[in-house]
Amino acid sequence: MVEYRADVLVGCEHGEHPDLVGALKAEIERRNLGAEINVVETGCRGFCAMGPILLIEPEGIIYCAVKAADIPEVVEETLVKGRVVERLAYQEPVTHQRICHYEDIPFYHKQMRLVLRNCGMVDPRSIEEYIASGGYSALEKVLTTMTPDEVIQAITVSGLRGRGGAGFPTGRKWSSTKHAHGECRYIVANGDEGDPGAFMDRSMMEGDPYAILEGMTIGAYAIENVREGYIYVRDEYPLAVENLRLAIERATEMGLLGDHILGSDFSFHIKIVRGAGAFVCGESSALMQSLEGSVGEPRPKHVHATESGLWGQPTALNNVETWANVPLIINMGAGEYAKIGTTNSKGTKAFCLVGKVRHTGLIEVPMGMTLREIVYDIGGGPQEGREIKAIQTGGPSGGCIPSHLLDLPVDYESLAEVGSMMGSGGMIVMDDTNCMVDVARYFLDFLKDESCGKCTPCREGIKRMLDILTKIVTGNGEMSDLDKLERIARTVQRASLCALGKTSPNPVLSTLRYYRDEYEAHILQKRCPAGVCRDLITYNILEAKCTGCGRCLRNCPRKAITGERRKLHVIDQALCIKCGICKENCVFDAIEVS
Amino acid sequence: MSITLTIDGQSVQAEEGQTVLEVAKRAGVTIPTLCYHPALEPLGACRLCVVEVIQRGRSQIVTSCTMPAEPGMEVRTSTPAVMESRRTVLELLLSRCPNVPVIQQLAAQYGVTEPPFEADDPNEKCILCGLCVRACNDLVGAHVLNFSDRGISRVIGPAFMEKTRDCIGCGACTIVCPTGAIEIVLEKEALYAAKPLGPASAIYVPFLQAVPRVPVIDTDACIRFRQQARTNGELADACGVCQLLCEARAIDYTQQDEELDIEVGAVVVATGFADFDPYLAPQYSFGKSPNIITGIEFERLSNSGGPTEGEILTAEGVPPKSVAILHCVGSRDKHTNKYCSRVCCMYALKQAHLVRDKTGADVFEFYMDIRAPGKSYEEFYERVQEEGVHFIRGKGAEVTVQPDGKLLVKGEDADLSRVVAVSVDMVILGTGMTAQPDAAEVSHLFGIGCGNEGFFTEAHPKLRPVETNTDGVYLAGTCQGPRDVPDTVAHANAAAAEVLALLTKGEVVISPATAEVNRDKCVGCGDCIPVCPYTAIARVDGKAQVNAALCKGCGTCVATCPSGAIEALHFTDEQIVAQIEGVLKWV
């Protein structure tokens, strides 16, 4: 095996700068350092706000927002001369201090990256790198020293619960699958992540596919009589499909998958099934319908999938993150794993921290960490001059948690109690520029198209709730609409067929619960407090601040702004379409929304 | 295995595998549904049948159509949460389809009279319950209908919403559709094709007074048999709804026609008549336009159980503005039948009355003379005259189809002594009665006589009008000659009385003068069998045998037998010779 003096890890290869790797390789080649320095294309490192990121090992130096033009300097200074390029290092937003080692950055410091340990650290296409970082030791341990029952026992003791959002105890699921009657059994990994703003599963499938394969293989061994497993990936994730496909190929070549795994009598095959990107196919029964080749529509679940799932056989379906936890538990020991987290929620959880925080990205925290720690310590708090208003968790199925509940520990029960849910891990931070009515409307608009349309409450109810919200945000709402909204929401919650429908009113109900005043402001005063709803706002130019520079005038797509140079500009309200471009462009903060 | 559960506090028994809805129905508890059909797998789509189920201390709202009944389960069908859910679902459905009576009525039951939201399309009828999809795929196996798109854009239709030849036009979807959202649109040329006025359903009782009153399956119309034939037997289990729903389990698709041997003491021949074949009178252009129909076809058209539900419509689907009725089609005509069919005048008058009454169209009756004998008939004729029907005395001579599809009827008005021609939308041919085409065969079978026209002959036209020359065989109705319903009933009653008289006697007195076969002489040539007018001779063990009960002693067989093996008792050669000798003694 070739040894290198240094590894340069590039984690945002498929981001906006696809030429980074090429530039790096070319520069290293030009300087004839090819034998000393290794360039590794890794999966996502998670620090999206600062991407593209370059990590230089073994020093652990991190460079943020690197462009291809910066490469010669990085190679010259760091890789040849051993000095840090200060201007590319992370800058602490408050103290403006430069931090060059990634462990010292608060974003990483507070996290507990267990499941994501390999994401952004290894080449996801290389099984050797996975094995070198401890991969497949869990499978080896299981096959050589543990009985299937012992594995299930370990998973049960670890307290692992479904990471797809519902939080069903994984050990119990495996055990009921194992004890159900059937010709054979199946296991399925759900990689149909579809929440807006969520990319945990994608990052895992792209950045550490072997962990998922290993977890599934261990699961197949534990559940027994499982000959085939499926990974259901949405086709919008081509890199995930590609990396998983390659991983299956390589693992099979190495005898870690397929027939007679590690020379034992245990055989297990994994197939990838590509979904067509329907949000509802993340629902277990719809996913299995889709796997079978039918239209992905949920069916009533009076009989659990563990009894009769895929092709009528007992099936254990887990989220990819759940599967990725399995090797971890075996390696750490169930007892050790169970020490992480809270009484009922064990281990860690990956979240996609997005929205109005400084440090957006993919994070992993121990269960029970408070929202405040996540948002302020890891996320770096709100943008300058803004105030956090709410945290939306669980995607379209979750709810908005108001800022006064920021000290809420993140675990399954606590989130459900306040009207939201764990979900698969989307976490959208909202500040005072977000209109909560508009947020609820946004999610319903998403669900309107993503509902399969099979049952009346979900199909018609979402449409009508959306109608009401549209009425409210356009200033035509009445107070009686709120009762109507609540009544429909209650029925949709109660009477819908599947979890998608049952949880679809959560964004409405939670915002109604915590931000009723905003709804009332829209209805009674015809005012959008956050200044978002176009029909209720006007843009005005402040006389005191306008310098008459003409930037707004030039950028206005509707030519609604008039004014002579160096004199006050005026917006013609009849022409204004409230796009906000003038405000974005004004450098003097002279445009006011009211 | 039977299980016990509680529905609204009432303890009920259920079979394992039954759903809560099925159990509730049996127990007389009403639960509203729109997407449920007993012949189809439940889908749980409309969510109207929600109930609260308490099980193992956990309460949940579930759809009763999909929820399997379990022991100890407690079901509540009208809790506030259930009622609110149903009400809201009905509000949503009514907002989607504001003009569907079924939903309006159901919604009204839950206090919803006005749709709370504006409908996207006020004419929308489909509630996407999926009954048609399930019927088309699971029952019929035609796989034409399915859902496409999702969410609020979801629609039902054939692939790519295009016309498809896979649709067999069985109409199963229209039957299961709760809201009447599906119509079968027949293409114009198909409207009156093949069997235009045939049976409305694939299962029907052959005729109203059928005994036993057992329905039969028309295999040409039955989805199952049609699919079997279409796929060369590959799809053998399509539909089967009748079998599924029949509580008596009386449906057997494997049944075949079979012949039964029954021993009886008397036979009433009541084989009826055949409608005159209008193609035999080509001057009336029957078959050249779908609007030229026979009297019997008109009866079907005007029947409330017919294809137009009793509306009198032309093939174009509109009520006719003028109609010609031609009398004596195939009757009183030396080219076809010379006799008068007796009934046509009266039914033509009735049909004229119906057309006037239902459509108000102009009606022209072409007749030679009106034969309205008997009680109230003449009065009816007068009434129809007063209703404004145009009577043209003179037989309709010719019907021609004009280029615009109208029908030109020509005839001679004998009263005015001139040729008349009227252009009409519909022509009804007053076809007469003819004997059944197989009358000759039947007459041979029973040894009864058959006139030139093919009607069976009675033993005596005045004194024995229901008997035949064969003992124990009687005639009833139009097989004997044209007659109307009251006359037929009277005739049939007479036949029945004759049969009863025969049977109650217990024994039959027969004449001793019968033929007898000398088995020693008989060579079994069989020449005697066809000549016997009473079908009294049969071949038994290779030789002729005379049934003494049938034999009238006519002696035809005696004369026919080449080997002299048959003797007529009381008229043996010896007896005849002795008689002759006796007579000649005096000479």
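Cut-offs applied
- Residues numbered from 1 in each chain as written.
- Chains lettered and ligands numbered in written order.
- Predicted model: local features only at pLDDT ≥ 70, side-chain atom pairs only at ≥ 80, totals over all residues.
- Helix = DSSP H or I, 4+ residues; strand = E, 2+ residues; numbered from the N terminus.
- Rg over C-alpha atoms; globule rule 2.2 N^0.38 Å.
- Buried ≥ 20, exposed ≤ 12 C-beta atoms within 10 Å, placed from the backbone.
- Contact = placed C-beta atoms within 7 Å.
- Pairing = 2+ DSSP bridges.
- Axes fitted to C-alpha atoms, helices over the stretch in contact; angles between N-to-C directions.
- Parallel < 35°, antiparallel > 145°, perpendicular 65-115°, else oblique.
- Left-handed = near helix turned anticlockwise from the far one by under 90°.
- Nonpolar A, V, L, I, M, F, W, Y, C, P; charged D, E, K, R; others polar.
- Domains from an automatic or database assignment.
- pLDDT = per-residue confidence, 0-100.
- Core = buried A, V, L, I, M, F, W, Y, C linked by C-beta atoms within 7 Å.
- Arc of directions from axis to C-beta.

**Section: the overall build of chain A**
For step 1, the next point in the chain: The secondary structure content of chain A amounts to 23 helices and 19 strands.
For step 2, the next point in the chain: Relative to the 2.2 N^0.38 estimate, which gives 25 Å for 594 residues, the radius of gyration of chain A is 26 Å and therefore close to what a compact globule would have.
For step 3, the next point in the chain: By its C-alpha atoms, chain A is 80 × 65 × 40 Å across when sized along the principal axes.
For step 4, the next point in the chain: Relative to its 594 residues, chain A shows a buried fraction of 55%.
For step 5, the next point in the chain: Long-range pairs, those at least 24 residues apart, make up 70% of the contacts in chain A with a sequence separation of at least 6.

**Remarks on the overall build of chain B**
For step 1, the next point in the chain: Within chain B one finds 16 helices and 25 strands.
For step 2, the next point in the chain: Taking 587 residues into account, the globule formula puts the C-alpha radius of gyration at 25 Å, and chain B, at 34 Å, lies well above it.
For step 3, the next point in the chain: Its C-alpha atoms give chain B principal-axis dimensions of about 120 × 75 × 45 Å.
For step 4, the next point in the chain: Among the 587 residues that make up chain B, the fraction classed as buried is 34%.

**Section: the sheet that holds strand β3 (residues 54-57) of chain A**
Residues and elements named next belong to chain A.
For step 1, the next point in the chain: Read across the open sheet, the four strands follow the order β2-β1-β3-β4; overall the sheet is mixed. Across the chains shown, the open sheet's two edge strands, defined by having one partner strand only, are β2 (37-41) and β4 (61-63). The sheet shows a mean angle of 20° between the axes of neighbouring strands, taken without regard to direction.
For step 2, the next point in the chain: As paired strands, strand β1 (residues 6-10) and β3 are joined by four bridges and run antiparallel to one another. If you follow Val8 over to β3, its bridge partner there is Ile56.
For step 3, the next point in the chain: Set on the sheet, helix α1 (residues 20-30) makes contact with β1 and β2; between it and β2 the angle comes to about 170°.

**Things to note about the packing of helix α17 (residues 456-473) of chain A against helix α18 (residues 479-495) of chain A**
How two helices sit against one another is set out by the angle between their axes and by the gap between those axes.
Residues and elements named next belong to chain A.
For step 1, the next point in the chain: Direction vectors running N to C along α17 and α18 enclose 155°, while the axes themselves pass 10 Å from each other. In terms of orientation, α17 and α18 fall into the roughly antiparallel class. When you trace α17 past α18, the crossing you get is left-handed. For the pair α17 and α18, contact is made by Pro457, Cys458, Gly461, Ile462, Arg464, Met465, Ile468, Lys471 and Ile472 and by Asp481, Lys484, Leu485, Ile488, Ala489, Thr491, Val492 and Ala495, respectively.
For step 2, the next point in the chain: Looking at the contact of α17 with α18 residue by residue, the class counts come to 11 nonpolar, two polar and four charged.

**Considering the pairing of strand β7 (residues 185-191) of chain A**
When a strand is regular, its side chains alternate between the sheet's two faces.
Residues and elements named next belong to chain A.
For step 1, the next point in the chain: Most of β7 is tucked away, with seven of its seven residues classed as buried.
For step 2, the next point in the chain: Residues Arg185, Ile187, Ala189 and Gly191 point to one face of β7 and Tyr186, Val188 and Asn190 to the other, with burial holding for every one of them.
For step 3, the next point in the chain: Sheet topology places β7 next to strand β8 (residues 226-234); seven bridges connect them, and they run parallel. By the bridge assignment, Val188 is partnered in β8 with Tyr230.

**A few points about the pairing of strand β13 (residues 388-393) of chain A**
All names here are of chain A.
For step 1, the next point in the chain: Burial analysis of β13 places six of its six residues in the buried class, the great majority of the element.
For step 2, the next point in the chain: As paired elements, β13 and strand β14 (residues 399-402) share four bridges and run antiparallel to each other. Bridged to Ala390 within β14 is Pro402.
For step 3, the next point in the chain: The turn joining β13 and β14, which pair antiparallel and follow one another in sequence, is formed by five residues; a positive phi near 85° is taken by Gly394.

**Points about the domain arrangement of chain B**
For step 1, the next point in the chain: Each assigned domain of chain B is listed with its residue range as follows: domain 1 (2-78), domain 2 (129-251), domain 3 (277-434), domain 4 (436-505) and domain 5 (515-584).
For step 2, the next point in the chain: One C-alpha centre belongs to domain 4 of chain B, the other to domain 5 of chain B, and the line joining them spans 28 Å.

**Points about the confidence of the model for chain B**
For step 1, the next point in the chain: Taken as a whole, chain B shows an average pLDDT of 90; of its residues, 97% reach a score of 70 or greater.
For step 2, the next point in the chain: Scored below 50 in pLDDT, residues 188-199 of chain B shows 12 contacts in the model against residues more than four places distant or in partner chains.

**Considering the interface of chain A and chain B**
For step 1, the next point in the chain: Taken together, the contacts link 27 residues of chain A with 27 residues of chain B.
For step 2, the next point in the chain: Mapped by element, the contributors of at least two residues to the side of chain A that touches chain B are α16 (436-450), α17 and α18 of chain A.
For step 3, the next point in the chain: Tallied by class, residues from the side of chain A that touches chain B come to eight nonpolar, six polar and 13 charged.

**Section: the nonpolar core**
For step 1, the next point in the chain: With 240 residues, the main nonpolar core has A:Ile212, A:Leu353, A:Met465, B:Cys132, B:Ala135, B:Cys136 and B:Val140 as its most contacted residues.
For step 2, the next point in the chain: Each residue touching B:Val140, except ones within four places of it in the same chain, is listed here: B:Ala135, B:Cys170, B:Ala172, B:Ile223, B:Gln227, B:Ala238 and B:Cys239.
For step 3, the next point in the chain: Within the second largest apolar cluster, 54 residues are counted, among which are B:Cys328, B:Val343, B:Cys344 and B:Met433.

**So, helix α2 (residues 71-80) of chain A**
Residue and element names in this part refer to chain A.
For step 1, the next point in the chain: Those residues of α2 not exposed but buried are Ile71, Val74, Val75, Thr78 and Leu79. Seen along its axis, α2 keeps its buried residues to an arc of 110°; they face one direction.
For step 2, the next point in the chain: Packed against the buried residues of α2 are β1, α1, β2, β3 and β4.
For step 3, the next point in the chain: Gly82 occupies a position one or two residues after α2 and carries a positive phi of about 75°.

**Considerations on unusual backbone geometry**
For step 1, the next point in the chain: Cis geometry marks the peptide bond from A:Glu57 to A:Pro58, where omega comes out at 5°.
For step 2, the next point in the chain: As for its position among the elements, A:Pro58 is in the loop between β3 and β4.
For step 3, the next point in the chain: Even without being glycine, B:Arg56 reaches a positive phi, approximately 45°.
For step 4, the next point in the chain: Here B:Arg56 falls in the exposed class, since 7 other C-beta atoms lie within 10 Å of it.

**Points about the sheet that holds strand β14 (residues 362-367) of chain B**
Residue and element names in this part refer to chain B.
For step 1, the next point in the chain: If you walk across this open sheet you meet the five strands as β12-β19-β13-β14-β15, and the pairing is parallel. Taken across any chain shown, the strands that pair with only one partner, and hence form the sheet edges, are β12 (292-294) and β15 (390-393). Taking each pair of neighbouring strands and ignoring which way they run, the sheet shows an average axis angle of 20°.
For step 2, the next point in the chain: Sheet analysis places strand β13 (residues 322-329) next to β14, joined by five bridges and oriented parallel. Note that in β14 the partner of Ala324 across the bridge is Phe364.

**Focus: the domain arrangement of chain A**
Residue and element names in this part refer to chain A.
For step 1, the next point in the chain: Domain annotation for chain A reports domain 1 (6-108), domain 2 (127-338), domain 3 (348-431), domain 4 (436-524) and domain 5 (538-593).
For step 2, the next point in the chain: Contacts between the two partners involve four residues from domain 1, matched on the other side by five residues from domain 2.
For step 3, the next point in the chain: The class makeup of the residues in the side of domain 1 that touches domain 2 is one nonpolar, three polar and no charged.

**A closer look at the environment of B:Cys532**
Residues and elements named next belong to chain B.
For step 1, the next point in the chain: Relative to the helices and strands, Cys532 resides in the loop between α14 (528-531) and β23 (537-540).
For step 2, the next point in the chain: Residue classification places Cys532 among the buried residues on the basis of 22 C-beta atoms within 10 Å.
For step 3, the next point in the chain: The spatial distance from the C-alpha of Cys532 to the C-alpha of Val89 is 80 Å, given a sequence separation of 443 residues.
For step 4, the next point in the chain: Leaving out residues up to four positions away in the same chain, Cys532 has contacts with Ile537, Thr556 and Cys557.

**Some points on the confidence of the model for chain A**
For step 1, the next point in the chain: When pLDDT is averaged across chain A, the result is 89; 99% of the residues are at 70 or more.
For step 2, the next point in the chain: Here β1(A) stands out as the element of chain A with the lowest mean pLDDT, 83, in contrast to helix α9 (residues 209-223) of chain A, whose mean of 95 is the highest.

**Things to note about the packing of helix α6 (residues 148-158) of chain A against helix α12 (residues 320-332) of chain A**
All names here are of chain A.
For step 1, the next point in the chain: Across the interface, α6 lies against α12 with an axial gap of 10 Å and an inter-helix angle of 95°. Classified by the angle between their axes, α6 and α12 sit roughly perpendicular to one another. Each of Ala154, Ile155 and Ser158 in α6 lies in contact with α12, whose residues at this interface are Val326, Ile329 and Ile330.
For step 2, the next point in the chain: Grouping the amino acids of the contact of α6 with α12 by side-chain chemistry returns five nonpolar, one polar and no charged.

**Side note on helix α9 (residues 295-302) of chain B**
All names here are of chain B.
For step 1, the next point in the chain: Within the sequence span of α9, burial applies to Gly295, Phe298 and Leu301. All buried residues of α9 lie within an arc of 110° about the axis, which places them on one face of the element.
For step 2, the next point in the chain: Those residues of α9 hidden inside the fold are in contact with β12, α10 (344-359) and β19 (426-431).

**Some words on the environment of A:Phe47**
Residue and element names in this part refer to chain A.
For step 1, the next point in the chain: With respect to the helices, strands and loops of the structure, Phe47 is situated in the loop between β2 and β3.
For step 2, the next point in the chain: Sequence-wise, Phe47 and Ile363 are 316 residues apart; in three dimensions their C-alpha atoms are separated by 8.1 Å.
For step 3, the next point in the chain: Once residues lying within four places of it in the same chain are set aside, the contact partners of Phe47 are Ile53, Phe107, His359 and Gly361.

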